[in-house]
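# Survey of secondary and tertiary structure
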Amino acid sequence: MKELILGIESSCDETAAAVYCPEKGILSNPLFSQIHMHKEYGGVVPELAARAHIEKINFIVSQALEQAGVTLNDITTIAVTSKPGLSGSLLIGTCFAKGIAGATGKKIIAVNHLEGHAFSACIENNIPFPFICLTASGGHTSMYYITDWGKYEPFSTTRDDAAGEAFDKISKLLNLGYPGGPIIEKRAAQENFVDYFKYPRSTSKTLDFSFSGLKTAVLYDLVNRGAYDLKTRTLLDTSEDLKNKVSSSLLVCIADIFEQKLKMALKKYPECKAFSFVGGVACNKYIRNQLKNFAEKNKISFFVPAPQYCTDNGAMIAFVGNYKAQQQKFNDLTFEIL
Ligand code: KG4
Ligand code: ZN
């Protein structure tokens, strides 16, 4: 029987669903983003996220089926994100998926959200194995050595904050809004990506990332310039000029850190044929460009997903669900979240 996969993603602040057909690819990929709800808090509020998933999930799944021109009857397998993520949010997606599977007898597959990101560049590209994937989002910064469908080894992660979190927190420090990445990118472009303040790059010899030190370095650089008051936690210099210069320096610094770590990763895996850059931060055109040039210099192919497959989405979950279905890796209804 031919597979038709429904993917469901609700691990954080996006309620997303997609339909994947092995012959035709992604047929639909709608989502409801909760960013506007969390904006005023400067980050995701778990309880609000879970409630919004409950309100939207039925609508988004129906939309995914409708846009794909299919009905629930046509779906053979439901793939759903089971971990990692916010527990309240994960419960909504998994309970919804289990409910459908239980009621209809359809097969179900629990998908790791990070495996979804790790293979997201494969949705539209034929990437040769083995390849290295750098995942950078608001919650994660990791590298994987990927040798086959579903076979991946994490070999680097962040010891503290994720790269996207660094953008978000520094954006908050500058009163620029949430999510910080796109705002900082826009401001950095206005400065032509000049590295004014030369924030510290990583001095660590390990492959792991650390972004919390960078956030502190930016804070103390502002304090030393008399632009930030630590006691009252207020930005004293609110000029556009300063905000743009910090944005530009920060973006260049983070791109450099990625390049530094990739250089080390290539030494660890010299047989690697390609490199992919995925997750919300991979929407950043400046970083994409820098890493593309780096890959070219090292004579390996470089892949990034289309922006709709970089940020959280149902397509990557349905895509992983498809190869797991081919491998007969189905779950029963008792699988846990987290
Ligand atoms: O993958 P994603 O949508 O959600 C998580 O799983 O976290 O990633 C969201 C993160 C946020 O931290 C956001 O600031 C960052 O991705 N981001 C960007 C850009 N667009 C989104 N960071 C840098 N440049 C961008 N253009
Ligand atoms: Zn994600």
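Residues numbered from 1 in each chain as written. Chains lettered and ligands numbered in written order. Predicted model: local features only at pLDDT ≥ 70, side-chain atom pairs only at ≥ 80, totals over all residues. Heavy atoms only, no water.

As a matter of local geometry, ligand 1 sits amid 20 residues, with Gly-138, Asp-168, Gly-181, Glu-185 and Asn-284 nearest to it. Within the backbone of Gly-164, one N or O atom sits 3.2 Å away from an oxygen atom of ligand 1. Separating an oxygen atom of ligand 1 from a side-chain N or O atom of Asp-168 is a distance of 2.7 Å. Against a free-state accessible area of 550 Å², the protein chains account for coverage of 90% of ligand 1. Judged by the fraction of its atoms near the pocket grid, ligand 1 is located in the largest pocket. The set of elements that each furnish at least two residues to the shell around ligand 1 consists of α4 (113-118), α5 (163-173) and α6 (180-190). Of the residues forming the shell around ligand 1, the biggest block, four residues, is contributed by α6. Residue composition of the shell around ligand 1, by class: six nonpolar, 11 polar and three charged. (Near = heavy atom within 4 Å. Polar contact = N/O pair within 3.5 Å; in protein donor to acceptor, adjacent residues only side chain to side chain. Areas by Shrake-Rupley, 256 points an atom, 1.4 Å probe, with all protein chains shown as cover. 1 Å grid on protein atoms, 1.4 Å probe; cavity = no way out; pocket = protein on both sides within 12 Å on 5 of 7 lines; lining within 4 Å. Sits in = over half its atoms within 2 Å of the grid points. Helix = DSSP H or I, 4+ residues; strand = E, 2+ residues; numbered from the N terminus. Nonpolar A, V, L, I, M, F, W, Y, C, P; charged D, E, K, R; others polar.)

Right, let's get into the sheet that holds strand β7 (residues 131-136). Within the open sheet, the five strands sit side by side as β9-β8-β7-β12-β13. Their pairing is mixed. Two strands close off the open sheet at either side, each with one partner strand: β9 (151-156) and β13 (301-303). Pairwise comparison of adjacent strand axes, ignoring direction, gives a mean angle of 25 degrees for this sheet. The sheet strands contacting helix α8 (residues 240-268) are β7, β8 (141-148), β9 and β12 (274-278), and the helix crosses β7 at an angle near 150 degrees. Across the sheet, helix α9 (residues 285-297) lies against β7, β12 and β13, angled at about 170 degrees from β12, the strand it touches most. (Pairing = 2+ DSSP bridges. Axes fitted to C-alpha atoms, helices over the stretch in contact; angles between N-to-C directions. Contact = heavy atoms within 4.5 Å.)

Here the focus is the domain arrangement of the protein. If you check the domain split of the protein, you get domain 1 (5-121 + 310-326) and domain 2 (128-304). Computed over C-alpha atoms only, the centres of domain 1 and domain 2 are separated by 27 Å. Every contact between the two is made by 20 residues of domain 1 and, on the other side, 24 residues of domain 2. Carbon and sulfur atoms supply 74% of the area that domain 1 and domain 2 bury against each other, a total of about 1,700 Å² over both sides. For the pair domain 1 and domain 2, the number of links is zero salt bridges. Viewed at the interface, domain 2 and domain 1 are joined by two residue pairs in polar contact (both at pLDDT 80 or more). (Domains from an automatic or database assignment. Buried area = accessible area lost by both parts, 1.4 Å probe. Salt bridge = Lys/Arg side-chain N within 4 Å of Asp/Glu carboxyl O.)

This part takes up the coordination of the zinc ion (ligand 2). Angles between donor atoms at a metal ideally measure 109.5 degrees for a four-coordinate tetrahedral arrangement and either 90 or 180 degrees for a six-coordinate octahedral one. Protein-derived coordination of the zinc ion (ligand 2) comes from His-113 (NE2), His-117 (NE2) and Asp-312 (OD), at a distance range of 2.1 to 2.2 Å. In this structure, the zinc ion (ligand 2) is surrounded by four donor atoms whose angles at the metal cover 93 to 141 degrees, and the resulting shape is irregular. Sequence positions of the donors to the zinc ion (ligand 2) reduce to the motif H-x3-H-x194-D. Highlighted residues: His-113 in helix α4 and Asp-312 in the loop between α10 (307-310) and α11 (315-326), separated in sequence by 199 residues. (Donors = N, O, S within 2.8 Å, 3.2 Å for Na, K, Ca; no water. Tetrahedral: all angles 85-135°; square planar, octahedral: opposite > 155°, others 65-115°.)

What follows deals with the packing of helix α7 (residues 212-224) against α8. Working note: a packed helix pair is described by the angle between its axes plus the distance between those axes. For the pair α7 and α8, interaxial distance at closest approach is 12 Å and the crossing angle is 150 degrees. As far as their axial angle goes, α8 and α7 are roughly antiparallel. As for the relative orientation of α7 and α8, their crossing is right-handed in sense. For the pair formed by α7 and α8, the contact residues are Leu-214, Val-218 and Leu-222 on the first element and Leu-242, Val-246, Leu-250, Cys-253, Ile-254 and Ile-257 on the second. By residue class, the composition of the contact of α7 with α8 is nine nonpolar, no polar and no charged. (Parallel < 35°, antiparallel > 145°, perpendicular 65-115°, else oblique. Left-handed = near helix turned anticlockwise from the far one by under 90°.)

So, on to the pairing of β12. Burial analysis of β12 places five of its five residues in the buried class, which makes it a mostly covered element. Across the two faces of β12 the burial is the same, with Ala-274, Ser-276 and Val-278 and Phe-275 and Phe-277 all buried. Note that β7 and β12 share five bridges and pair parallel. Bridging from a neighbouring strand, Leu-134 pairs with Phe-277 of β12. One ladder, built from three bridges, connects β12 with β13; its direction is parallel. Looking across to β13, one finds that Ala-274 is bridged to Ser-301. For the crossover that starts at β12, traverses α9 and ends in the parallel β13, the hand is right-handed. (Buried < 20%, exposed > 50% of the residue type's maximum accessible area, 1.4 Å probe, protein only. Right-handed = clockwise from strand over helix to strand, strands pointing away.)

As a further point, take the environment of Thr-135. Turning to its location among the elements, Thr-135 is positioned in strand β7. A relative accessible area of 0% means that Thr-135 is categorised as buried. For Thr-135 and Val-281, which are 146 residues apart along the polypeptide, the C-alpha to C-alpha distance reads 8.3 Å.

The subject of this paragraph is the packing of α5 against α7. Taken N-terminus to C-terminus, the directions of α5 and α7 make an angle of 20 degrees; their axes are 10 Å apart at the nearest point. Here α5 is positioned roughly parallel relative to α7, judged by the angle of their axes. The interaxial crossing formed by α5 with α7 has right-handed handedness. Of the residues in α7, those touching α5 at Lys-169, Ile-170 and Leu-173 are Lys-215, Val-218, Leu-219 and Leu-222. Counted by class, the contact of α5 with α7 contains five nonpolar, no polar and two charged residues.

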